[in-house]
Amino acid sequence: MALTLTVDGDRWRQHLRAVAEATPGLVPVCKGNGYGFGLGRLARRAGWLRDQGFDVDTIAVGTYEELPEVAQRYSGDLLVLTPWRPFGAALELPAELSGRVVHTVSREQDLVDLLGRQPGARFVLEHLTSMLRHGMTGRQLRTAADHLAGARAGRLEGIALHLPLAQGSHLGEVHRLLNDVVAAGLAPTTIWVSHLTPEELATLRASYADFRIRPRIGTDLWLGDRGALRVTATVLDVHEVDRGDVFGYRGRTAPKAGHLLVVSGGTAHGIGLESPTGDSSLKARAATLARGGLDAVGFVRSPFTIDGKQRLFAEPPHMQASMLFLPHGPRVPQVGEEVEVRVRYTATGFDRVLVS
Ligand SMILES: *Cc1c(COP(=O)(O)O)cnc(C)c1O
């Protein structure tokens with residue numbers, strides 16, 4: 001009765017080990033919906049990697065709010081990716097976690113404020129990249145370094161760089177950013193990076209041998225072997241309809257004879273409308289209409305696959321179920337059968353995650 005993520009456990013664990021093996025200093029990112037697996041499961045899995053002898057001594061969470069869910073299940077250090085600010089959950093950090101948490105500091109005033117409140121705080125300084133999300137410029141990094149030299153407080157754990165997803169090589173940008181780190185007098189140190197290819201990481205390690213490079217990886221770690229993952233919904237009901245039969249919340253009529261299928265998975269799971277199929281120009285719509293194409297009557301492609309093809313929603317997804325229209329032709333699945341679903345793992349809440 002559920003939207004289910006089924007994981008081929010052997011294959012998944014083998015992939016996780018292979019990534020850890022190939023990535024010294026790996027920092028598994030456990031944030032958001034836990035990449036579909038759930039935060040707690042990822043935290044335990046990171047601990048498992050560490051137990052296998054990999055140097056996974058730190059995981060990263062996205063927000064301070066996520067800390068309690070992982071802190072019980074993983075015993076190492078906890079890097080928070082959202083920069084520290086003098087408000088919100090950052091100020092409600094449980095005392096027993098303060099020694100394990102590594103803050104991200106992206107503004108000089110926050111550095112002063114954090115060290116004033118928690119003189120022993122562990123932190124990384126975030127350097128602004130071409131993402132322009134958070135971080136200090138080269139000049140601000142120098143001011144922060146001067147402040148640290150005088151403050152004799154806190155524990156600088158390195159510099160964080162958040163790079164955009166690759167469009168060509170990142171290395172030119174990384175070299176410029178690391179020059180800023182050297183110019184600020186903060187080198188050698190640990191550099192926490194994202195979104196560098198294994199080749200870029202190798203080049204960086206070779207050219208900056210006295211820096212420790214730590215890649216933060218989520219997607220390519222947890223979701224890197226899609227063949228180990230299968231998402232299915234259950235067929236909950238099947239109704240045969242004739243052309244003109246009325247159905248659904250909006251009293252639509254069936255454009256031709258076929259079957260309405262009710263499958264598990266709706267807006268509450270993150271199931272959404274996909275873009276209309278193909279060309280949506282008037283001419284193209286007229287052509288599909290002439291062929292009897294269902295997209296021309298306003299049906300939109302769903303992520304549910306039946307008989308090898310992505311089928312159309314009969315109407316927009318409901319909260320926990322979706323109605324599909326299946327014209328005559330393909331085999332009609334029976335109530336209780338599983339159908340494949342194509343989802344964005346980082347935006348889907350599964351009812352069940354089954355790891356073999
Ligand atoms: C989410 C995130 C990552 C990991 O990104 P993936 O694409 O999932 O590997 C790394 N660094 C930061 C700052 C992030 O927010």
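Residues numbered from 1 in each chain as written. Predicted model: local features only at pLDDT ≥ 70, side-chain atom pairs only at ≥ 80, totals over all residues. Heavy atoms only, no water.

(A) Fine view of the overall build of the protein chain. A tally of helices and strands in the protein chain yields nine helices and 18 strands. Looking at the protein chain as a whole, 50% of its 356 residues qualify as buried. Taking as baseline every contact in the protein chain between residues at least 6 positions apart, the subset at least 24 positions apart corresponds to 67%. Each charge class in the protein chain can be summarised by its mean position, and for the 40 positive and 38 negative side chains these summaries are 2 Å apart. (Helix = DSSP H or I, 4+ residues; strand = E, 2+ residues; numbered from the N terminus. Buried < 20%, exposed > 50% of the residue type's maximum accessible area, 1.4 Å probe, protein only. Contact = heavy atoms within 4.5 Å. Lys, Arg positive; Asp, Glu negative; His and termini not counted. Charge placed at Lys NZ, Arg CZ, Asp CG, Glu CD.)

(B) The arrangement of the side chain of threonine 129 in detail. Turning to its location among the elements, threonine 129 is positioned in the loop between β6 (122-127) and α5 (138-151). The buried category is assigned to threonine 129, whose relative accessible area is 7%.

(C) Quick peek at the packing of aromatic side chains. Within this structure, the stated rule accounts for six aromatic pairs. Both rings, one in tryptophan 12 and one in phenylalanine 37, keep their centres 4.7 Å apart while their planes meet at 20°; by these two values the pair is stacked. Of this pair, tryptophan 12 sits in helix α1 (residues 9-22) while phenylalanine 37 sits in the loop between β2 (27-28) and α2 (39-51), and the two are 25 residues apart along the sequence. Each member of the pair, tryptophan 12 as well as phenylalanine 37, is classed as buried. (Phe/Tyr/Trp six-rings, centres within 6.5 Å; stacked < 30°, edge-to-face > 60°.)

(D) View of the UniProt feature "domain: Alanine racemase N-terminal" (unreviewed entry) in the protein chain. Those residues carrying the UniProt feature "domain: Alanine racemase N-terminal" (unreviewed entry) are residues 7-169 in this numbering. For residues 7-169, helix accounts for 34% and strand for 18%, while the C-alpha atoms at its two ends are 33 Å apart. (UniProt positions renumbered as here; feature names shortened; annotations may be inferred.)

(E) Here's a closer look at the pattern of salt bridges. Scanning the entire structure with this criterion turns up 13 salt bridges. A salt bridge links arginine 212 to aspartate 55; the shortest N-O distance between them is 3.7 Å. Within this pair, whereas arginine 212 is found in strand β9 (residues 212-217), its partner aspartate 55 is found in the loop between α2 and β3 (58-61), the two being separated by 157 residues in sequence. For arginine 212, a relative accessible area of 36% corresponds to the partly exposed category. One connected set of salt bridges, linked through shared partners, spans Asp77, Arg122, Arg155 and Glu157. (Salt bridge = Lys/Arg side-chain N within 4 Å of Asp/Glu carboxyl O.)

(F) Structural context of the layout of surface pockets. In this model, the largest pocket occupies a volume close to 840 Å³. Lining the largest pocket are 38 residues; nearest its centre among them are Ser194, His195, Arg216, Ile217 and Gly218. Sorting the residues of the lining of the largest pocket by element identifies α1, β6, β8 (190-194), α7 (198-207), β9 and α8 (219-222) as the ones contributing at least two each. (1 Å grid on protein atoms, 1.4 Å probe; cavity = no way out; pocket = protein on both sides within 12 Å on 5 of 7 lines; lining within 4 Å. Points joined across faces, edges and corners; volume = space filled by probe spheres on them.)

(G) Region of the structure containing helix α4 (residues 108-117). Turning to α4, its buried residues are Asp110, Leu111, Leu114 and Leu115. Within α4, the buried residues cover an arc of 125° as seen down the axis, which keeps them to one side. Packed against the buried residues of α4 are β5 (101-105), β6 and α5. (Arc of directions from axis to C-beta.)

(H) Summary view of the pairing of strand β4 (residues 77-80). Here β4 shows two buried faces, one formed by Asp77 and Leu79 and the other by Leu78 and Val80. Relative to β4, β3 runs parallel, the two sharing four bridges. Residue threonine 58 lies in a different strand from β4, and its bridge partner there is aspartate 77. Taken together, the two bridges between β4 and β5 define a ladder with parallel strand orientation. Residue leucine 79 lies in a different strand from β5, and its bridge partner there is valine 102. (Pairing = 2+ DSSP bridges.)

(I) Representation of the site of the ligand within the structure. Lining the immediate environment of the ligand, one finds Val29, Lys31, Tyr35, Leu81, Arg133, His162, Ser194, His195, Arg216, Ile217, Gly218 and Thr219. At 2.7 Å, a side-chain N or O of lysine 31 approaches an oxygen atom of the ligand. In the environment of the ligand, an oxygen atom lies 2.8 Å from a nitrogen or oxygen atom belonging to the backbone of glycine 218. For the ligand, the protein covers 87% of the area, taking 380 Å² as the surface of the free molecule. Taken atom by atom, the bulk of the ligand overlaps the largest pocket. For the shell around the ligand, the class distribution of residues is four nonpolar, five polar and three charged. (Near = heavy atom within 4 Å. Polar contact = N/O pair within 3.5 Å; in protein donor to acceptor, adjacent residues only side chain to side chain. Areas by Shrake-Rupley, 256 points an atom, 1.4 Å probe, with all protein chains shown as cover. Sits in = over half its atoms within 2 Å of the grid points. Nonpolar A, V, L, I, M, F, W, Y, C, P; charged D, E, K, R; others polar.)

(J) Molecular detail of the nonpolar core. Counting residues in hydrophobic clusters, the biggest one holds 96 residues, and the most contacted among them are Phe37, Leu125 and Trp222. Of the residues forming this core, the biggest block, six residues, is contributed by α2. Each of two domains, domain 1 (7-222) and domain 2 (229-355), supplies a minimum of three residues to this core. With near-sequence residues (within four places) excluded, phenylalanine 37 lies in contact with Leu5, Val7, Trp12, Leu42, Trp222, Leu223, Leu229 and Val353. (Core = buried A, V, L, I, M, F, W, Y, C linked by side-chain atoms within 4.5 Å. Domains from an automatic or database assignment.)

(K) Just empty space enclosed by the protein, in detail. Under the definition given, this model contains one cavity of 30 Å³ or more. Estimates place the volume of the largest cavity at around 30 Å³. Taken together, Glu126, His127, Leu128, Thr129, Met131, Leu132, Arg133, His134 and His162 make up the lining of the largest cavity. Across the lining of the largest cavity, the residue classes tally to three nonpolar, four polar and two charged.

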